[in-house]
Amino acid sequence: MSARQGGPGRDPAPREEAGESATPETEPVAAAEETPAAAAAAAPAPAEPSAAELRDRWLRAEAELQNLRRRAAREREESWRAAEDGVLLELITMLDDLDRALEAASEAGAPASWSEGVRLTADRARERLARFGVATLDPVGRPFDPRFHEALLEIDAPEGVGPGSVVQVVHRGYARADRALRPARVVVARAAEGKS
C-alpha cells in the first residue's frame, strides 16, 4: 500500500491546526463584515414623497402625455396631407398630358369631336381638383412670389410691366390653400439696363 492511500496503522493528518478550519464554510465571520439584512436594517429608510411631490410628478406625466398625443396627431395629419398631395400631383400630371394632347390635336387638325372629348375630360379633372381646394396659378402681370413661382428666366420689362412682375407662364402651377402644390414656372421682368 502506498503512503497516499494511508494504511491501517497510519494516523490520518490532522484537519485543523490551532483554531483554523479546513473548509471555508466553517471559517468565523469577521466582526467588521455585516450580513445584507443587517446592512439594510442599519441604513436610514428613504423618506416617503410628500403629497405635493406626488402631485407635481403626476402633473408632469400628464403634460408629457398630452404633448405626445398632440405630436402624434400632428404627424398623422401631416402624413395624411402628404399622401393627398401625392395623389393630387398625379392628377395634375395627367391634366398636363390632356392639355398637351389638345394642343397637338389643334395643330394636327384632329376632328372637333375628338378635341371636344379631350377638353371635357380635362375640365372634369379640373373640377375634381377644385373639390380638394386646388387652384390653378395664373400669375401673369402679378409680382413674383417665390412661394408660388419658380423663375426660369429674366427679361427686360416690356412697356407697361413693372420690374419684378411675371411676364409669361412657361409651366402652369397649382396651389392648395396657402401653399404651392407645384410652383408655376415663369419668366420675370427686370429693370431694363440703364434704368433704375
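Please refer to the structure higher up on the page.
Reference entry: report on the structure contained in this document. (Residues numbered from 1 in each chain as written. Predicted model: local features only at pLDDT ≥ 70, side-chain atom pairs only at ≥ 80, totals over all residues. Heavy atoms only, no water.)

**What to know about the overall build of the protein**
Thought 1: Within the protein, the regular secondary structure consists of three helices and six strands.
Thought 2: Mapped in sequence order, the helices and strands of the protein form the string α-α-α-β-β-β-β-β-β.
Thought 3: Considering the protein as a whole, with its 196 residues, one finds that 16% of them fall into the buried category.
Thought 4: Accessible area for the protein stands at about 15,200 Å²; split by element, carbon and sulfur atoms hold 55% of it. (Helix = DSSP H or I, 4+ residues; strand = E, 2+ residues; numbered from the N terminus. Buried < 20%, exposed > 50% of the residue type's maximum accessible area, 1.4 Å probe, protein only. Areas by Shrake-Rupley, 256 points an atom, 1.4 Å probe, with all protein chains shown as cover.)

**Here we look at helix H2 (residues 51-108)**
Thought 1: Taking 1.5 Å per residue as the helical rise, H2 with its 58 residues ought to reach 86 Å, and the 85 Å between its terminal C-alpha atoms agrees with that figure.
Thought 2: Residues Asp85, Leu88, Ile92, Leu95, Asp96, Leu98, Asp99 and Ala105 constitute the buried set of H2.
Thought 3: The inward-facing, buried residues of H2 contact helix H3 (112-131), strand S1 (134-137), strand S3 (166-171), strand S4 (173-176) and strand S5 (179-182).
Thought 4: Of the residues one or two after H2, Gly109 is the one with positive phi, at around 75 degrees. (Expected span 1.5 Å × (residues − 1). Contact = heavy atoms within 4.5 Å.)

**Here's the deal with the sheet that holds S3**
Thought 1: Strand order in this open sheet of three strands is S2-S6-S3, and the pairing throughout is mixed. The sheet is open, and its two edges are formed by strand S2 (149-156) and S3, each paired on a single side. Neighbour-to-neighbour, the strand axes of the sheet open up by a mean angle of 30 degrees, direction not taken into account. (Pairing = 2+ DSSP bridges. Axes fitted to C-alpha atoms, helices over the stretch in contact; angles between N-to-C directions.)

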